[in-house]
Amino acid sequence: MVSPETKKIVLRIINWVIITLSILLITFISIDTFNNIDFLENPRYMGFQLWVCLIFLLAFFIELFMSDSRWRYFRSHWLFFVLSIPYLNMLHHFGVQLDPEQMFYVRFIPLARGVMAMVIVVSAISGYRITSFLCSYMVILCSFIYLGSLIFLYKEHGVNPMVNDFGSALWWACMNATTLGCTINPVTVTGKIIGCVVSVSGIIMFPLFTVYFTSLITRYKQRRNHQ
């Protein structure tokens, strides 16, 4: 039986490993997107993503083994397992033909696993519950903005004359997330869908700032009253 302290240390190490690999994976995807590189023809990327997914799967089974109730753990973490499967490598190995757009989206699947790990770590290191809640949602929002801008650049560049580089795509995503709007208008269906997703994310998450600062002021007043 694994002691609670050992379990805590192992889980912390696993989460940080997953975050580090996810950041490296984002770097790979970003470089390929910026340079318009076919990732299927890049053996380094394909090999790296395979190893990342295998480590994600290993982490899942380690956590499952250390869980007090394995069935309960599986029921609450099955999505971690699904997102850790190396779909891109499996499709490539078995010669399954998907169009370039579908393949582009498939390689983002492992990043969802990394974002979930980042949310867990941020929640764990935050002292107050409201701070943990806010930081977790900010990680999700920032991930939506960055990954959304990558997809927007991939779909709109060369089609939309207003999207010339990643900077313009990132500016578009930030303005939509803050619901201020942007002079750049998407022309592709995917671009419009990403715009809706980013905007809705901003509408849901930015009001949390108000809740957070209200909570800070309330706690400050309570401490003053107790002094």
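Now for the environment of Leu98. Tracing the chain through its elements places Leu98 in the loop between α4 (87–93) and α5 (100–106). In this structure the C-alpha to C-alpha distance between Leu98 and Tyr212, which are 114 residues apart in sequence, comes to 45 Å. Once you skip the residues sitting within four places of it in the chain, Leu98 turns out to touch Leu91, Met103 and Val106.

Among soluble globular proteins, nonpolar side chains are generally buried collectively. Counting 45 residues, the largest nonpolar core has Phe108 and Trp172 as the members making the most contacts within it. Only α1 (4–35), α2 (43–66), α4, α5, α6 (109–125), α7 (129–156), α8 (166–177) and α9 (189–205) provide two or more residues apiece to this core. With eight residues, α7 is the single largest residue contributor to this core. Leaving out residues up to four positions away in the same chain, Trp172 has contacts with Phe152, Cys182, Ile184, Pro186, Gly191, Ile194 and Gly195.

Relative to the helices and strands, Ser168 is located in helix α8. Reaching out from Ser168, the side chain makes a polar contact with the backbone nitrogen of Asn164 at a distance of 3.4 Å. Excluding anything up to four places from it in sequence, Ser168 contacts Met162, Val163 and Ile184.

A separate point is the packing of α8 against α9. Between α8 and α9, the shortest axis-to-axis distance is 7 Å and the interhelical angle comes to 45 degrees. Our classification of the angle between α8 and α9 gives oblique. Contacts between α8 and α9 involve Trp172, Ala173, Asn176 and Ala177 from the first element and Gly191, Ile194, Gly195, Val198, Ser199, Gly202 and Ile203 from the second. Broken down by class, the residue content of the contact of α8 with α9 amounts to six nonpolar, five polar and no charged.

This paragraph deals with the packing of aromatic side chains. Each aromatic ring pair is summarised here by two numbers: the centre-to-centre distance and the angle between the ring planes. All chains considered together, the criterion is met by eleven aromatic pairs. Taken together, a centroid distance of 5.4 Å and an interplanar angle of 45 degrees make the contact between Phe60 and Phe81 tilted. Taken as a pair, Phe60 in helix α2 and Phe81 in helix α3 (residues 70–84) lie far apart in primary sequence, 21 residues in all. Judged by its relative accessible area of 1%, Phe60 is buried. Judged by its relative accessible area of 27%, Phe81 is partly exposed. With a centroid separation of 5.6 Å and an interplanar angle of 70 degrees, the aromatic rings of Tyr146 and Phe166 are classed as edge-to-face. Residue Tyr146 is located in helix α7, and its partner Phe166 is located in helix α8; the two are separated by 20 residues in the primary sequence. According to the relative accessible area criterion, Phe166 is buried, its value standing at 18%. An aromatic cluster is present here, built from Phe60, Phe61, Trp71, Tyr73, Phe74 and Phe81 joined pairwise through their rings.

The rules we used
- Residues numbered from 1 in each chain as written.
- Predicted model: local features only at pLDDT ≥ 70, side-chain atom pairs only at ≥ 80, totals over all residues.
- Heavy atoms only, no water.
- Helix = DSSP H or I, 4+ residues; strand = E, 2+ residues; numbered from the N terminus.
- Contact = heavy atoms within 4.5 Å.
- Core = buried A, V, L, I, M, F, W, Y, C linked by side-chain atoms within 4.5 Å.
- Buried < 20%, exposed > 50% of the residue type's maximum accessible area, 1.4 Å probe, protein only.
- Polar contact = N/O pair within 3.5 Å; in protein donor to acceptor, adjacent residues only side chain to side chain.
- Axes fitted to C-alpha atoms, helices over the stretch in contact; angles between N-to-C directions.
- Parallel < 35°, antiparallel > 145°, perpendicular 65-115°, else oblique.
- Nonpolar A, V, L, I, M, F, W, Y, C, P; charged D, E, K, R; others polar.
- Phe/Tyr/Trp six-rings, centres within 6.5 Å; stacked < 30°, edge-to-face > 60°.

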